[in-house]
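# Descriptive analysis of the structure
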2 protein chains.
Amino acid sequence: MDTRSSIIEATAELLARSPSGDVSTRAVSEAAGVQQPVLYRLFGDKSGLLRATVDYVWDQYLGSKRAAEKSDDPLEDLRAGWDSHTAFALAHPNAYKLMFSSALDSEPEAAEEAMRILREVLERLAKQGRLRVTPDMAARMVMTANTGVALALITRPRLYPDQNLSVMVRDAIHRAILLAPEGTAAHAADAAAHDARRAAATTLLSSVDEFTPQPFTPAESALLKQWLAQIAGSGQPS
Amino acid sequence: MDTRSSIIEATAELLARSPSGDVSTRAVSEAAGVQQPVLYRLFGDKSGLLRATVDYVWDQYLGSKRAAEKSDDPLEDLRAGWDSHTAFALAHPNAYKLMFSSALDSEPEAAEEAMRILREVLERLAKQGRLRVTPDMAARMVMTANTGVALALITRPRLYPDQNLSVMVRDAIHRAILLAPEGTAAHAADAAAHDARRAAATTLLSSVDEFTPQPFTPAESALLKQWLAQIAGSGQPS
DNA sequence: CGCTTGGTGTTATCGTCGATGACATGGATA
DNA sequence: TATCCATGTCATCGACGATAACACCAAGCG
């Protein structure tokens, strides 16, 4: 086993198990069975070690995901890319934080690769004339929103318990950068109906308590609100 | 001058000038003219000191912005809130990173207050029947996207040079959570809300049976429909 | 073969950091 | 006046990132 590789693997292991999201060079060198100066000769400094580790973890995850090849519809790839990004963040929160929250002094290659993959999908969409903004602008909008959602899910899971959040923000951004698909009228009608239901439930939910005179008992109100919330919160495909 | 206040001000000063975004307790105690243990007695630990400092900086910024009072259009307030959030991040990047990137073990009050202000505006919109999702969901969507944009602008300014990015993402999210404005904005809010309420009840009433999968038992459906009919048929203004 | 050279790893140590125990001081209170 | 608590200081600890100095060893070359 390559010394460099075993150090990186030890770092990845410790990082994944670290509650604080940090790792000491001493712990790494001990786990890898070497002395500290080895790390500094191979990686320059701690930041370099972490950067190499993040790239390693990212490559591993991406490799296991690359089985899902490019579909013929770039929109599908765009959605899959977003979901994959979010899933990686949840699967490797500490590595993800290092990747985007940037305690590192220089950007990991993984962050640039994520951006590259995203831009490539967007350029395919642009070639089909389905983008309403430049691929660059679209890439920035998608990437910033995606990292925002992912970091929130990671660092404040209690505040963001909703499983649909990522998909909702995803579709919000996608609708903003994409031209509306011309066909699929039936599908659009379905979505519109579903949307109207949720909007109606939301509207009612916010005003049930203010009916005057109040036609419901408190218990009735509570039950009604619970049902309305269920309708308002029901997930919706694009 | 209060010792606690002068320590916080010294910390804020050092934090603003710190290239790394970090501050040592030694530097703080020296700048404030006290010894280290004072910090630990007043703030518990370094995290507590930073949290107090973030709250202080945020309050200062918010105070200078509170001159812009609530307008009569909550949508204007929603946009202003987003822009204000982004502007704060750019004006106080280190404080902002502490606020949302969370090296802190517990959340600063400032982060919760930002969320509170946002939710309040969204609830005003919901009462006017202009939200297509629950205020909670809307708040999460707006907050995550906004922090994502702000963190990207702060930590990767070279990758995100576009000045329009924040506004583009802002409007993308707002379009996704808001109903398209139907008529003129001159409609009286109360009447519109009342109309919207009855219309919402009618809309829901006609589709309760068509939910797939059906989330309610037949008995629940029956009761829900009875209540909705009551709301839909109510003629009294609120 | 014997000598050099460069890659690899070790030992010992530095300066900084967050944190804390033990002690001093000074004013309010009983 | 005696007591007590709030406030602050001095001295120090253990963990950390980082580095200088040295040890080993196989490859290349006269």
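Scope of this entry: the structure provided in the associated data block. Since the model is a prediction, treat every value here as computed from it, not as a measurement.

Moving on: the overall build of chain A. Looking only at helices and strands, chain A features eleven helices and zero strands. The order of helices and strands in chain A, counted from the N terminus, is α-α-α-α-α-α-α-α-α-α-α. A buried classification covers 48% of the 238 residues belonging to chain A. A separation threshold of at least 6 residues defines the contact pool for chain A, and within that pool the share at least 24 residues apart is 71%. Total accessible area on chain A is roughly 11,400 Å²; 53% of this is exposed by carbon and sulfur atoms.

Once that is clear, we can look at the protein's contact with DNA strand D. In the vicinity of DNA strand D there are 15 residues, among which T25, R26, Y40 and K46 of chain A together with P37 of chain B approach most closely. Each atom of DNA strand D within 4 Å of the protein was assigned to sugar, phosphate or base; sugar and phosphate come to 55%. At 3.0 Å from a phosphate oxygen of DNA strand D is found a side-chain nitrogen or oxygen belonging to R41 of chain B. Contributions of two or more residues to the surface near DNA strand D are made by helix 2 (25–32) and helix 3 (36–43) of chain A together with helix 3 (36–43) of chain B. Taken together, the residues of the surface near DNA strand D break down into six nonpolar, five polar and four charged.

Time to look at the environment of A80 of chain B. Residue and element names in this part refer to chain B. The residue A80 is located in helix 5 (residues 74–91) in this model. The partly exposed category is assigned to A80, whose relative accessible area is 45%. Taking the C-alpha atoms as reference points, A80 and D45, separated by 35 residues in sequence, lie 35 Å from one another.

Calculation notes
Residues numbered from 1 in each chain as written. Chains lettered and ligands numbered in written order. Predicted model: local features only at pLDDT ≥ 70, side-chain atom pairs only at ≥ 80, totals over all residues. Heavy atoms only, no water. Helix = DSSP H or I, 4+ residues; strand = E, 2+ residues; numbered from the N terminus. Buried < 20%, exposed > 50% of the residue type's maximum accessible area, 1.4 Å probe, protein only. Contact = heavy atoms within 4.5 Å. Areas by Shrake-Rupley, 256 points an atom, 1.4 Å probe, with all protein chains shown as cover. Near = heavy atom within 4 Å. Polar contact = N/O pair within 3.5 Å; in protein donor to acceptor, adjacent residues only side chain to side chain. Nonpolar A, V, L, I, M, F, W, Y, C, P; charged D, E, K, R; others polar.

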